[in-house]
Amino acid sequence: MQPESVPVFRSERINALIIVLIFSAVILIYTRWARKGKKLFIRKINGLDEVEEAVGRATEMGKPVLFIPGISEIDEIETIAGISILGRVARVTAQYDTPLLVPVRYPMVLAAGQEVVEQAYMEVGKPDAYNKDIVRYVAGEQFAFTAHVNGLMMRERPATNIYMGAFYAESLLLAESGNIAGSIQIAGTAQPAQLPFFIAACDYTLMGEELYAASAYLSREPLLLGGLKGQDWMKVLFVILIVLGIVFVSFDIGDWYLSMFKAV
Amino acid sequence: MRTTVPVIIAFLSGFAMILLFFISPEHSKIGTVELEPEVLSWVTIVGGFTLLLGVVSILRVNYVAVQRKKEGWIYNLATLVSIFAMAIPAILPESWSPLLGTGTGSIYDWLFNNLDAPMMSTMFAMLAFYIASAAFRAFRARNAEATLLLITAALVMLWRVPMGEMLLSGIHESIPEKINTYIMNGANLAVQRGILIGAALGAAAMSLRIMLGIERTYMGK
């Protein structure tokens, strides 16, 4: 008996393909407009505006800046966002000769972090000031890492603590210790469960998408800002789709509409 | 070259993963090997190679601190001793002695169960005290919004404990159900979903920027 042939394309995932294509097109269109010099408005993000100010405070006090790029592996997009922001922060600390401490939980994050920080020191013309131990591997265990960082905060008393990336149960342990140490604290994560803790214990908190927008916002590069604008228009599209869904479901004619967005 | 090659690798890897998502598993095999889990397992292999970097980093940082007698150097010494105390008996073969290796009854096993695990639990348990101090600061009724937050938090906390639920039911039996419906599954869930949708879009946009080589900040560019 001939086995039933399986189609190459998974047609049940056509909805995802359409969204991917629209999303890519919108981002590319805005990037193209940005390349042509079209002026793009990006709303103010206080937490990011304060990064330079906070590093300046550390310089004046002669104390270090502590940066934690989350506790996840490098294959997590939040960690990549954290590493991108680390590059911008390292550029400012290198300019002002402010000590920078970057404890990490995974060796792959260590390698990426060292590369980014070294590049930042080279770009501001201070390659000799770069020290490989600025970014240091601490521990693979979640709470061993937390214990080390808490101890570091209480001993070194950094003037500024920046938490950018994926955080879990240790978020409040870190942020409260930083608070007790008297540091200015800026946090950013896309983990909704950890946001209340950061908001309670930090001076500024970047919520969800703001974390991913940070590298573009800090660099002010038109190409990156173009991508952000594209993302905003996708959000508008999703809001319209959600409102339509609410209307259809409320009038009990929404089954066909909901089936269009079914994830398989 | 240092930028171009990683960008090409990022594009090809990202594009391959997207493609594999839309192709049925039967057609995404080479022989008997399924490509998607295979490609994902490469991350672990690369991670294995970088492990040595981590070991070198932790040893160097702590050794230098002990050598220069930096403030708190005793903790660095404790870290170095702990690393060797855990690693050496675990690396040596079990066939030499039942105390070696990582099996039950080994030195590694004893250290893990009697030192490592209790210390992790202690750290996690400390969270309760940190929550209390953070809540005290967050729930101070400084203005209208903070007062609203305080009232909402008090209601949710009462609803979460059996005695509180009993008290609320005593006032009116529908109150616990209303807290669940309007606060937890209403306002709270809606806001969480809003943040999640925004974060998912942000993550997708950033992935796309990385794939297309627009975003190179993760390489320090």
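Procedures and definitions
- Here the residue numbers are simple positions, counted from 1 along each chain's written sequence.
- Following the order in which they are written, the chains are lettered starting with A and the ligands numbered starting with 1.
- Local features in a predicted model are, by the rule used here, given only for residues with pLDDT of at least 70; side-chain atom pairs are given and counted only at 80 or more, and totals for whole chains, interfaces and linings are based on all residues.
- Think of the side-chain values as coming from all heavy atoms in the structure, minus any hydrogens and water.
- In this document the domain limits rely on a domain assignment from an automatic tool or a database.
- Contact between two residues is taken to exist if any of their heavy atoms lie within 4.5 Å; hydrogens are not considered.
- When two components associate, each loses some accessible surface as probed by a 1.4 Å sphere; the sum of these losses over both components is called the buried area.
- What makes a salt bridge here is a side-chain nitrogen of Lys or Arg within 4 Å of a carboxyl oxygen of Asp or Glu, nothing more.
- Polar contact is defined as a pair of N or O atoms within 3.5 Å, subject to the rule that within protein one atom must be able to donate a hydrogen and the other to accept it, and that residues adjacent in sequence are counted only when both atoms are side-chain atoms.
- Note on residue classes: Ala, Val, Leu, Ile, Met, Phe, Trp, Tyr, Cys and Pro are nonpolar, Asp, Glu, Lys and Arg are charged, and everything else, Gly too, is polar.
- A run of DSSP states H or I qualifies as a helix once it reaches four residues; a run of E qualifies as a strand once it reaches two. Both are numbered from the N-terminal end.
- Should DSSP find at least two bridges between two strands, the strands are taken to pair.
- To get an axis, fit a line to the C-alpha atoms, keeping to the stretch in contact for a helix; angles then go from 0 to 180 degrees between the N-to-C directions.
- The patch calculation keeps residues exceeding 30% relative accessible area without a salt bridge and links them within 9 Å when they carry like charges or within 5 Å when they are nonpolar (Val, Leu, Ile, Met, Phe, Trp, Tyr).
- Methods summary: accessible areas were calculated by the Shrake-Rupley approach with a probe of 1.4 Å, and residue burial reflects only the protein chains presented.
- Buried residues are those whose accessible area, probed at 1.4 Å on protein chains only, stays under 20% of the maximum for their type, while exposed residues exceed 50% and partly exposed ones sit between those limits.
- For a crossover, the right-handed case is the one in which the path from the first strand over the helix to the second runs clockwise, viewed with the strands pointing away from the viewer.
- Between rings of Phe, Tyr and Trp, where Trp is taken as its six-membered ring, a pair exists when centres lie within 6.5 Å; planes separated by under 30 degrees are stacked, by over 60 edge-to-face, and by other angles tilted.
- Any Lys NZ or Arg CZ that is within 6 Å of a ring centre and within 35 degrees of that ring's normal is treated as a charge sitting over the ring.

Caption draft 1: Broad picture of the domain arrangement of chain B. Residue and element names in this part refer to chain B. With domains assigned, chain B is organised as domain 1 (1–68) and domain 2 (129–219). Taken residue by residue, the interface counts 9 residues in domain 1 and 7 residues in domain 2. Across the domain 1 to domain 2 interface the summed buried area is about 580 Å²; carbon plus sulfur atoms make up 81%. On the surface where domain 1 and domain 2 come into contact, there are 0 salt bridges. Inspection of the region where domain 1 meets domain 2 yields 0 residue pairs in polar contact (both at pLDDT 80 or more). Broken down by class, the residue content of the side of domain 1 that touches domain 2 amounts to 6 nonpolar, 2 polar and 1 charged.

Caption draft 2: Quick peek at the interface of chain B and chain A. The partner chain A presents 69 residues to the 59 residues of chain B that form the contact. The contact between chain B and chain A buries some 5600 Å² in all, and 70% of this surface belongs to carbon and sulfur atoms. Here chain B is connected to chain A by 2 salt bridges. The interface formed by chain B and chain A holds 13 residue pairs in polar contact (both at pLDDT 80 or more) in total. Sorting the residues of the side of chain B that touches chain A by element identifies α1 (4–22), α2 (35–67), α4 (107–125), α5 (127–138) and α8 (175–211) of chain B as the ones contributing at least two each. The greatest single-element share of the side of chain B that touches chain A, amounting to 16 residues, is contributed by α8 of chain B.

Caption draft 3: Structural context of the sheet that holds strand β6 (residues 204–207) of chain A. Residues and elements named next belong to chain A. Taken together, the 6 strands give an open sheet; going across it, the order is β3-β2-β1-β4-β5-β6, and neighbouring strands pair in parallel fashion. Whereas interior strands pair on both sides, the edge strands pair on one side only; in this sheet they are β3 (135–137) and β6. Taken pair by pair, the neighbouring strands of this sheet meet at an average axis angle of 15°, ignoring direction. Where strand β2 (residues 100–104) meets β3, 3 bridges bridge the pair, whose relative direction is parallel. Looking across to β3, one finds that Pro103 is bridged to Arg136. This element, helix α4 (residues 107–123), spans β2 and β3 of the sheet and lies at about 165° to β3.

Caption draft 4: Spotlight on a nonpolar patch on the surface. Residue and element names in this part refer to chain A. Together, Val239, Val243, Val247, Phe251, Ile253, Trp256, Met260 and Phe261 give the surface a local cluster of nonpolar side chains, amounting to about 780 Å² of exposed area. For the nonpolar patch, the secondary-structure elements that each account for two or more residues are α9 (222–250) and α10 (255–260). The greatest single-element share of the nonpolar patch, amounting to 3 residues, is contributed by α9. One can find Val239 in helix α9. Residue class for Val239 comes out partly exposed when judged on its relative accessible area of 47%.

Caption draft 5: A look at the pattern of salt bridges. Here the structure, examined in full by the defined rule, presents 11 salt bridges over all chains. Arg137 of chain B is paired through a salt bridge with Glu176 of chain A; the nearest N and O atoms lie 2.3 Å apart. With one member in each of two chains, Arg137 of chain B in helix α5 and Glu176 of chain A in helix α6 (residues 171–180) form a pair that bridges those chains. Overall, the relative accessible area of 23% leaves Arg137 of chain B in the partly exposed class. Note on Glu176 of chain A: relative accessible area 2%, which makes it buried. Glu209 of chain A is the salt-bridge partner of Lys235 of chain A, the closest N and O atoms lying 2.7 Å from each other. With Lys235 of chain A in helix α9 and Glu209 of chain A in helix α8 (residues 209–219), this pair connects stretches of sequence that are 26 residues apart. Judged by its relative accessible area of 18%, Glu209 of chain A falls in the buried class. The structure contains a network of salt bridges with shared partners spanning Glu209, Asp232 and Lys235 of chain A.

Caption draft 6: Expanded view of the pairing of β6 of chain A. All names here are of chain A. By the bridge criterion, 4 bridges tie strand β5 (residues 184–189) to β6 in an arrangement that is parallel. Residue Ala187 lies in a different strand from β6, and its bridge partner there is Thr205. Tracing the backbone out of β5, into helix α7 (residues 195–201) and back to the parallel element β6 gives a crossover that is right-handed.

Caption draft 7: How the structure looks around the packing of aromatic side chains. Counting across every chain of the model gives 14 aromatic pairs over all chains. Among the aromatic residues, ring-to-ring pairing joins Phe248, Trp256, Tyr257 and Phe261 of chain A into one connected group. A cation sits over an aromatic face here: Arg220 of chain A above Tyr217 of chain A, 4.3 Å from the ring centre. Sitting above the plane of the Trp73 of chain B ring, Lys69 of chain B keeps its charged end 5.2 Å from the centroid.

Caption draft 8: Spatial organisation of the environment of Ser57 of chain B. Along the chain, Ser57 of chain B falls in helix α2. On the accessibility criterion, Ser57 of chain B (1% relative accessible area) is buried. Beyond its immediate stretch of four places on either side in the chain, Ser57 of chain B contacts Leu110, Val135, Arg136 and Tyr137 of chain A.

Caption draft 9: Highlighting the side chain of Asn150 of chain A. As for its placement among the helices and strands, Asn150 of chain A is situated in helix α5 (residues 142–156). Owing to a relative accessible area of 8%, Asn150 of chain A belongs among the buried residues under this scheme. Leaving out residues up to four positions away in the same chain, Asn150 of chain A has contacts with Leu173, Leu174 and Ser177 of chain A together with Met123 and Tyr130 of chain B.

Caption draft 10: Focus on the environment of Thr50 of chain B. As for its placement among the helices and strands, Thr50 of chain B is situated in helix α2. Judged by its relative accessible area of 12%, Thr50 of chain B is buried. In contact with Thr50 of chain B, other than residues within four places in its own chain, are Pro107 and Met108 of chain A.

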